[in-house]
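Notes for the structure review
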Amino acid sequence: MAQIDPRPTSVDPVNLFGLSRSELSEFLASIGEKSFRAKQLFKWIYQLDELDIDAMTDLSKALRAKLQSVAHISLPDIVLHKIASDGTQKWIMKMADGAMVETVMIPEGDRRTLCVSSQVGCVLDCSFCSTGKQGFQRDLDRSEIIGQMWLAAHALKSQKINGKPITNVVMMGMGEPLLNYGNVISALDIMKDDMGYGVSRRRLTVSTSGVVPMIDQLSNDIDVSLALSLHAPNDELRDELVPLNKKYNLDEVLAACKRYVDKHESVSHRSIVIEYVLLKGVNDQPEHAQQLVTRLKDLRCKINLIPFNPFPHSGYQTPSGIHVRKFQDRLIKAGFTTTVRTTRGDDIDAACGQLVGEVKDKTKRNARWTERIKTQQIDTSE
Ligand code: SAH
Ligand code: SF4
């Protein structure tokens with residue numbers, strides 16, 4: 001009979017990357033070290049971009065050796081980086097298990113906004129979204145979320161950009177951030193932390209398709225800006241475009257947004273952003289603008305119109321520029337600050353989620369070709 005080894009198995013090394021400053025303090029205390037060292041570690045990792053524990057020279061040699069035996073610092077890998085002619089940059093980041101997500105940086109004047117992914121794919125399957133069409137694989141952990149920021153900031157620093165490499169963050173990449181709540185909050189903590197990236201709360205935006213209980217939770221836990229992906233002014237249409245509406249309908253979602261605004265009103269005159277993708281002939285008619293005005297009259301908000309970003313087999317079309325302008329004018333006349341999101345980075349790819357789809361496709365295509373070459377169905381002599 002096999003003998004059972006009575007010795008305890010060794011504990012897995014902890015990934016220090018992605019721990020908040022207070023968690024890092026707790027970890028240091030748990031290995032018998034002074035918790036104030038967390039500040040130093042934090043500065044090395046997020047401000048000096050140093051990932052090699054041995055190079056953190058203001059930590060004693062003994063502490064560095066100890067950390068190397070019980071911890072590690074691991075991030076995703078960059079597998080693709082593209083820079084568009086308008087300065088927009090996109091990265092595809094690959095996780096340790098091979099999962100891939102997209103991160104985009106959009107420059108505008110002195111502002112550099114990073115669009116960060118929270119999940120691999122998305123379970124909510126909005127009808128016009130290419131991420132939704134890829135299905136859901138998994139949540140990103142916090143090191144994978146803040147890792148996107150580290151890698152993008154690091155790349156921008158090496159491009160000798162003046163000022164802060166990233167001034168604004170929007171959780172508008174792949175996935176629904178409020179369905180990966182804990183990891184998103186931890187990552188936002190590091191983005192906000194002065195010893196981390198020091199991005200002010202007003203410049204951090206969480207975008208949601210309307211997960212009502214988590215909107216309330218968010219307003220209790222962290223003070224950041226909120227964007228709601230509304231996309232339709234009535235339940236019938238929203239049920240079709242955003243299937244989550246069948247669970248939390250328009251009244252419920254807008255009431256949660258109002259609570260969010262009211263909670264911080266006295267301190268910050270808070271308003272929220274309403275995102276509205278314009279789909280030709282579907283939700284872009286004068287009656288839709290009129291219904292939107294009625295629906296939003298009691299909510300302190302700004303409206304951001306997003307002309308549909310097409311992708312193959314979507315079944316939707318983008319309205320013309322003139323049509324978009326007319327829709328915008330109706331909202332402005334009714335008193336709403338209304339902007340139109342201009343398409344950026346056109347020459348490096350379109351809607352969020354498409355780049356990953358394309359890389360995956362190519363990988364599959366390559367695999368198919370390799371298979372056919374192996375089985376000698378193809379003549380490779382040319
Ligand atoms: N899941 C969150 C955040 C990620 S999606 C949410 O839905 O809010 C970020 C934004 O991109 C959302 O407003 C979403 O509706 C929009 N979007 C998705 N697919 C799009 C497309 N093909 N064209 C234009 N906007 C799109
Ligand atoms: Fe998910 Fe947002 Fe895409 Fe809807 S729009 S499928 S919630 S990522």
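Residues numbered from 1 in each chain as written. Chains lettered and ligands numbered in written order. Predicted model: local features only at pLDDT ≥ 70, side-chain atom pairs only at ≥ 80, totals over all residues. Heavy atoms only, no water.

Assigned secondary structure in the protein consists of 12 helices and 14 strands. Per-residue burial for the protein yields a buried fraction of 48% across its 382 residues. Partitioning the contacts of the protein with sequence separation of at least 6, the portion at a separation of at least 24 is 65%. As displayed, the protein offers around 19,000 Å² of accessible surface, 50% of which is attributable to carbon and sulfur atoms. (Helix = DSSP H or I, 4+ residues; strand = E, 2+ residues; numbered from the N terminus. Buried < 20%, exposed > 50% of the residue type's maximum accessible area, 1.4 Å probe, protein only. Contact = heavy atoms within 4.5 Å. Areas by Shrake-Rupley, 256 points an atom, 1.4 Å probe, with all protein chains shown as cover.)

With that settled, consider the pattern of salt bridges. Inspection of every chain in the model, using the stated rule, returns 15 salt bridges. Its salt-bridge partner being aspartate 193, residue arginine 21 comes within 2.9 Å of it at the nearest N-O pair. In this pair, arginine 21 is assigned in helix 1 (residues 21-30) and aspartate 193 in the loop between helix 6 (181-192) and strand 10 (204-208), connecting sequence segments 172 residues apart. Among the salt bridges present, the one from aspartate 49 reaches lysine 157, with a minimum N-O distance of 2.9 Å. Placement of aspartate 49 in the loop between helix 2 (37-47) and helix 3 (61-70) and of lysine 157 in helix 5 (residues 142-158) is noted, with a sequence separation of 108 residues between them. Since its relative accessible area comes to 13%, aspartate 49 is described here as buried. A cluster of three or more residues bridged by salt bridges with shared partners is formed by Asp97, Arg138 and Glu144. (Salt bridge = Lys/Arg side-chain N within 4 Å of Asp/Glu carboxyl O.)

Moving on: the packing of aromatic side chains. Tallied over the entire structure, the rule returns 6 aromatic pairs. Ring geometry for phenylalanine 308 and tyrosine 316: centres 5.9 Å apart, planes at 70°, overall edge-to-face. Residue phenylalanine 308 is classed as buried on the basis of its relative accessible area of 3%. Through pairs of rings, three or more aromatic residues link up here, namely Phe17, Phe42, Tyr46 and Tyr197. (Phe/Tyr/Trp six-rings, centres within 6.5 Å; stacked < 30°, edge-to-face > 60°.)

Turning our eyes to something else, we now look at the site of ligand 1. Taken together, 20 residues form the shell around ligand 1, and within it Gly175, Ser207, Ser229, His231 and Asn309 come nearest. Here ligand 1 has 530 Å² of accessible area as a free molecule, and 91% of this is covered by the chains. Broken down by secondary-structure element, the contributors of at least two residues to the shell around ligand 1 are strand 10 and strand 12 (272-278). (Near = heavy atom within 4 Å.)

Below, the discussion takes up unusual backbone geometry. With a phi close to 55°, aspartate 125 is a non-glycine residue in the positive phi region. With respect to the helices, strands and loops of the structure, aspartate 125 is situated in the loop between strand 7 (119-121) and helix 4 (130-133). Judged by relative accessible area, aspartate 125 falls into the partly exposed class, the value being 36%. Residue lysine 160 is not a glycine yet carries a positive backbone phi of 55°. On the basis of relative accessibility, which here comes to 71%, the residue lysine 160 falls in the exposed class.

What follows covers the nonpolar core. If you look at the biggest cluster of nonpolar residues, it comprises 103 residues, and the most contacted ones within it are Leu67, Leu218, Ile272 and Leu296. Setting aside anything within four residues of it in sequence, one finds leucine 296 in contact with Leu230, Leu254, Ile274, Cys301, Ile303 and Phe336. (Core = buried A, V, L, I, M, F, W, Y, C linked by side-chain atoms within 4.5 Å.)

Three or more residues of helix 7 (residues 212-221) are buried, namely Val212, Ile215, Leu218 and Ser219. Seen from one end, helix 7 has its buried residues packed into an arc of 110°, which puts them on one side. (Arc of directions from axis to C-beta.)

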